[in-house]
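Each chain, letter by letter, is given below.
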Amino acid sequence: MAVENDDLRSKLEEKGELMLAVSEFEEPLEIHLHDTDIEDGTVRIELTDGILTFDTDEIVAAWHHTHSLADFGLED
């Protein structure tokens, strides 16, 4: 999946957060509008203990995830 900077940035701005499958990581990454910069083919995420960067070419999937009441044990 080729991800364009503008498309990824637009999706992130619209949803506020996204999940990314990145080829170099085993688990999906969650990115948020407030801590992620996407420029010049690079994603930069500010974490509590450092900064993670990778190329947009490494992104194999991007999606918006949601939560339900059941996720938090609050279902009726």
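Keep in mind that what you see is a predicted model, and the values were worked out from it rather than measured.

Q: Can you help me understand a nonpolar patch on the surface in this one?
A: On the surface, Leu69, Phe72 and Leu74 cluster together into a nonpolar patch covering about 350 Å² of accessible area. Mapping phenylalanine 72 onto the fold places it in the segment after strand 6 (59-63).

Q: Quick question: what am I supposed to make of the sheet that holds strand 6 here?
A: Two orientations exist for strands paired in a sheet by backbone hydrogen bonds: parallel and antiparallel. As summarised here, the arrangement of the 3 strands in space is 2-1-6, forming an open sheet in which the pairing is antiparallel. Taken across any chain shown, the strands that pair with only one partner, and hence form the sheet edges, are strand 2 (29-32) and strand 6. If you compare each strand with its neighbour and ignore which way they point, the axes differ by 30° on average. Pairing geometry for strand 1 (residues 17-22) and strand 2, over 4 bridges, is antiparallel. The residue bridging methionine 19 from the neighbouring strand is glutamate 30, located in strand 2. Relative to the sheet, helix 1 (residues 5-15) contacts strand 1, strand 2 and strand 6, its axis offset from that of strand 1 by approximately 140°.

Q: Any chance you could explain the pairing of strand 3 (residues 36-39) here in plain terms?
A: Successive side chains on a regular strand alternate, one facing one side of the sheet and the next facing the other. Burial along strand 3 is one-sided: Thr36 and Ile38 are buried, while Asp37 and Glu39, pointing the other way, are not. The pairing of strand 3 with strand 4 (residues 42-47) spans 4 bridges and is classified as antiparallel. Its bridge partner lying in strand 4, isoleucine 38 is registered against valine 43. The turn linking strand 3 back onto strand 4 is made up of 2 residues, and aspartate 40 within it adopts a positive phi angle of 50°.

About the cut-offs
- The numbers attached to residues start from 1 for each chain and follow its sequence in the written order.
- Only residues with pLDDT of 70 or above have their local features reported here, since the model is predicted, and side-chain atom pairs are shown and tallied only from 80 upward, although totals for entire chains, interfaces and linings are computed over all residues.
- Note that water and hydrogens are dropped before the side-chain values are worked out from all heavy atoms of the structure.
- Patches in this entry comprise residues that are over 30% relatively accessible and not in a salt bridge; like charges within 9 Å are linked, as are nonpolar side chains (Val, Leu, Ile, Met, Phe, Trp, Tyr) within 5 Å.
- Methods summary: accessible areas were calculated by the Shrake-Rupley approach with a probe of 1.4 Å, and residue burial reflects only the protein chains presented.
- A pairing counts as a salt bridge when a side-chain nitrogen of Lys or Arg comes within 4 Å of a carboxyl oxygen of Asp or Glu.
- Helix and strand assignments come from DSSP, with helices taken as H or I runs of at least 4 residues and strands as E runs of at least 2, each series counted from the N terminus.
- Pairing between strands is defined by DSSP: at least two bridges between them are needed.
- Here the axes come from fitting lines to C-alpha atoms, over the contacting stretch only for helices, and the angles between their N-to-C directions go from 0 to 180 degrees.
- It only takes one pair of heavy atoms within 4.5 Å for two residues to be counted as in contact.
- In this scheme, a residue with accessible area under 20% of its type's maximum is buried, one over 50% is exposed, and one in between is partly exposed, where area comes from a 1.4 Å probe on protein chains only.

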